[in-house]
Amino acid sequence: MTCVLMVFRAELRRRWGAWLALSLLVALVAGTVLAGVSAARRTASAFPDYVQQYGVDAQAYGFPDLPRTFYSLPNVDTVSTQTYYLNGNALIGSRTISGTLLNVSSIPATHLSKTIKLVSGRLPTSPNEVLVGFSFAQQYRLHQGSVVTVSMYARSQLRTVLNSQGNPPTHGPVLRLVVTGIGLSISDFP
């Protein structure tokens, strides 16, 4: 046993730098792997956690009001309604955004705390204020106080807009909307 200890001490004196570097490298790689696993676990649970609190199982779209029997279907917990407006192109600074990439809608009238998560700012309180989606805000670098100018379609253009393949010219009002907050909704997740 004494011989083995002598050989070990000799090798330790000779190779201590390499052994130290190897152990530090192993620790660094193990730490990176553990940090990556932790980040992946948080990312993997972010969407299910969000859907559990703010998500929806189904969405129904229609022009007339939904029949009252819809609200009392089995397994329907909550029903939240929104109004979608027909909008044309938008202008952010000097950049034109196609109306096909943008939807102007009301904030859900009921169950707002279960539908939209406010990321920053505040909810709109007047007609010229707007809450923008998180991914839209990131893509176009919008923040609280940014101005979005949106041209709207007139009511008389409803049939024309719905039957068109592109963006017909708008004949409605032009709205100058100030961003008051950024919200996260189910549509912000890919």
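Residues numbered from 1 in each chain as written. Predicted model: local features only at pLDDT ≥ 70, side-chain atom pairs only at ≥ 80, totals over all residues. Heavy atoms only, no water.

(A) Summary view of the pairing of strand β7 (residues 147–152). The pairing of strand β2 (residues 87–92) with β7 spans four bridges and is classified as antiparallel. Among the inter-strand pairings, Asn87 is bridged to a residue of β7, identified as Met152. Where β7 and strand β8 (residues 174–184) come together, five bridges link them in antiparallel fashion. Bridge assignment links Val147 to a residue of β8, and that residue is Val178. (Pairing = 2+ DSSP bridges. Helix = DSSP H or I, 4+ residues; strand = E, 2+ residues; numbered from the N terminus.)

(B) Region of interest: the pairing of β2. Where β2 and strand β3 (residues 95–97) come together, three bridges link them in antiparallel fashion. If you follow Leu91 over to β3, its bridge partner there is Thr96. In this structure, the hairpin formed by β2 and β3 is closed by a connection of two residues, where Gly93 is found at a positive phi of approximately 65°.

(C) Representation of the packing of aromatic side chains in the model. If you walk through the whole model with that rule in mind, you get two aromatic pairs. Ring centres of Phe136 and Tyr140 lie 4.8 Å apart, and the angle between their planes is 55°; on these two criteria the pair is classed as tilted. Comparing Phe136 with Tyr140, the two get one shared label, buried. (Phe/Tyr/Trp six-rings, centres within 6.5 Å; stacked < 30°, edge-to-face > 60°. Buried < 20%, exposed > 50% of the residue type's maximum accessible area, 1.4 Å probe, protein only.)

(D) The arrangement of the confidence of the model for the protein in detail. For the protein, mean pLDDT is 83; residues scoring 70 or higher make up 89% of the total. Taking the mean pLDDT of every element in the protein, the minimum, 74, falls on helix α2 (residues 68–71) and the maximum, 92, on β7. (pLDDT = per-residue confidence, 0-100.)

(E) The side chain of Ser151, seen in detail. Looking at where Ser151 falls in the secondary structure, it is placed in strand β7. The class of Ser151 is buried, set by a relative accessible area of 15%. Here Asn89 takes part through its backbone oxygen, which lies 3.1 Å from a polar atom of the side chain of Ser151. Apart from residues lying up to four places away in sequence, Ser151 is in contact with Asn87, Gly88, Asn89, Thr170, Pro173 and Val174. (Polar contact = N/O pair within 3.5 Å; in protein donor to acceptor, adjacent residues only side chain to side chain. Contact = heavy atoms within 4.5 Å.)

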